[in-house]
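Structure at a glance
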Amino acid sequence: MSHFGVEFGEKDINKNIEGHSGIVAKSYLAAKEESVADILNYSAEIAESLLILMKERAILLEHKKAIEIYQSTIATANAEKNRILLMMKEFNFQGRKDPNTFDYLSKSYETQENIVVSSTTAMEKQKAILGPLNINYARQCIKEHGRLLSLLPPMTIALRKELDNDGDSDVFVTALNNNISRMNKAFGGLFNEAET
């Protein structure tokens, strides 16, 4: 299962927020006070939601970084094991009889093998933690997205009325609610697949 936007960097997030801020700022100039108040309330909801999600995202990234460190440690230890084996083969090929050197190489190999085993165990624990956290984070993102969409109608309807473009608000609200329902159903199925 993918990381549902965990890889989406802070620069990307800030860029999107900047675009949103510019659009919102223009509406402050043209809209009535009540509409501006609705827009400000909605912007505050987005900001609060973003802060909560970014905190959860940071936890996911910490686990992901730990996994990457374990992977790097395992790769380094395996490379060292291969180097030690080559040395031992070379000594055998040359017919060298140096028990102290072979003992040292054997112990070094064993140390590297222990690093691989312990790091693999720790990495698997991190993966076991990260999987469910990832799914819960994705659920939280979808839930927040749906919640924020459901808060759109008052602000949108107020602005459409100001523009004399509000023929039937119920059509808009119904379409939006249908969209939220379809999105929740689609992602709910995806989450159930990921958990099995």
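For the structure itself, look to the data block above.
In this text, all values refer to a predicted model and were calculated from it rather than measured experimentally.

Counting its regular elements, the protein contains five helices and zero strands. Reading the protein from its N end, one meets helices and strands in the order α-α-α-α-α. Counting over 196 residues, the protein shows a buried share of 28%. Counting contacts in the protein only where the partners sit at least 6 residues apart, residues at least 24 apart contribute 81% of the total.

Let us now look at the packing of aromatic side chains. How two aromatic rings sit relative to each other is given by the distance of their centres and the angle of their planes. Going through the model one piece at a time under the given rule, you end up with one aromatic pair. Judged by centre distance (5.9 Å) and plane angle (75°), the rings of Phe91 and Phe102 are edge-to-face. Residue Phe91 is located in helix H2 (residues 33-94), and its partner Phe102 is located in helix H3 (residues 99-150); the two are separated by 11 residues in the primary sequence.

This next bit is on the nonpolar core. Of all hydrophobic cores here, the largest spans 10 residues; its members are Leu53, Leu60, Ile67, Ile74, Ala77, Val116, Met123, Leu130, Tyr137 and Cys141. Where this core is concerned, the elements lending two or more residues are H2 and H3. Residues contacting Leu53, with those up to four places away along its chain left out, are Tyr137, Gln140, Cys141 and Glu144. Ile39, Leu148, Leu149 and Met155 belong to the second largest nonpolar core, which has eight residues in total.

Attention now moves to the pattern of salt bridges. Pairing is possible between side chains that carry opposite charge, provided their charged atoms lie close to one another. With the rule as written, the count across this model stands at six salt bridges. For the salt bridge of Glu45 with Arg147, the shortest nitrogen-to-oxygen distance reads 2.9 Å. Of this pair, Glu45 sits in helix H2 while Arg147 sits in helix H3, and the two are 102 residues apart along the sequence.

With that out of the way, let us pick up the side chain of Ser119. Relative to the helices and strands, Ser119 is located in helix H3. Polar side-chain contacts of Ser119 include one of 2.9 Å to the backbone oxygen of Ile115. If sequence neighbours within four positions are ignored, Ser119 has contacts with Tyr70, Thr73 and Ile74.

What follows covers the environment of Ile39. Along the chain, the position of Ile39 falls in helix H2. Considered as a pair, Ile39 and Pro154 are 115 residues apart in the sequence and their alpha carbons are 9.2 Å apart.

On to the packing of H2 against helix H4 (residues 152-162). Running from N to C, H2 and H4 point in directions that differ by 150°, and their axes come no closer than 9 Å. For the element pair H2 / H4, the angle class is roughly antiparallel. Read as a crossing pair, H2 and H4 show a hand that is left-handed. Seen from H2, the contacting residues are Ser35, Asp38, Ile39 and Tyr42; seen from H4, they are Leu152, Pro154, Met155, Ala158, Leu159 and Glu162. Within the contact of H2 with H4, the residues separate by chemical class into seven nonpolar, one polar and two charged.

Moving on, we get to H2. Residues lying three or four places apart along an α-helix face the same way, a consequence of the helix completing one turn every 3.6 residues. For H2, spanning 62 residues, the distance from its first C-alpha to its last is 89 Å, which sits close to the expected 92 Å at 1.5 Å a residue. In the segment just after H2, Gly95 is the residue with positive phi, at about 75°.

Rules used in this analysis
Residues numbered from 1 in each chain as written. Predicted model: local features only at pLDDT ≥ 70, side-chain atom pairs only at ≥ 80, totals over all residues. Heavy atoms only, no water. Helix = DSSP H or I, 4+ residues; strand = E, 2+ residues; numbered from the N terminus. Buried < 20%, exposed > 50% of the residue type's maximum accessible area, 1.4 Å probe, protein only. Contact = heavy atoms within 4.5 Å. Phe/Tyr/Trp six-rings, centres within 6.5 Å; stacked < 30°, edge-to-face > 60°. Core = buried A, V, L, I, M, F, W, Y, C linked by side-chain atoms within 4.5 Å. Salt bridge = Lys/Arg side-chain N within 4 Å of Asp/Glu carboxyl O. Polar contact = N/O pair within 3.5 Å; in protein donor to acceptor, adjacent residues only side chain to side chain. Axes fitted to C-alpha atoms, helices over the stretch in contact; angles between N-to-C directions. Parallel < 35°, antiparallel > 145°, perpendicular 65-115°, else oblique. Left-handed = near helix turned anticlockwise from the far one by under 90°. Nonpolar A, V, L, I, M, F, W, Y, C, P; charged D, E, K, R; others polar. Expected span 1.5 Å × (residues − 1).

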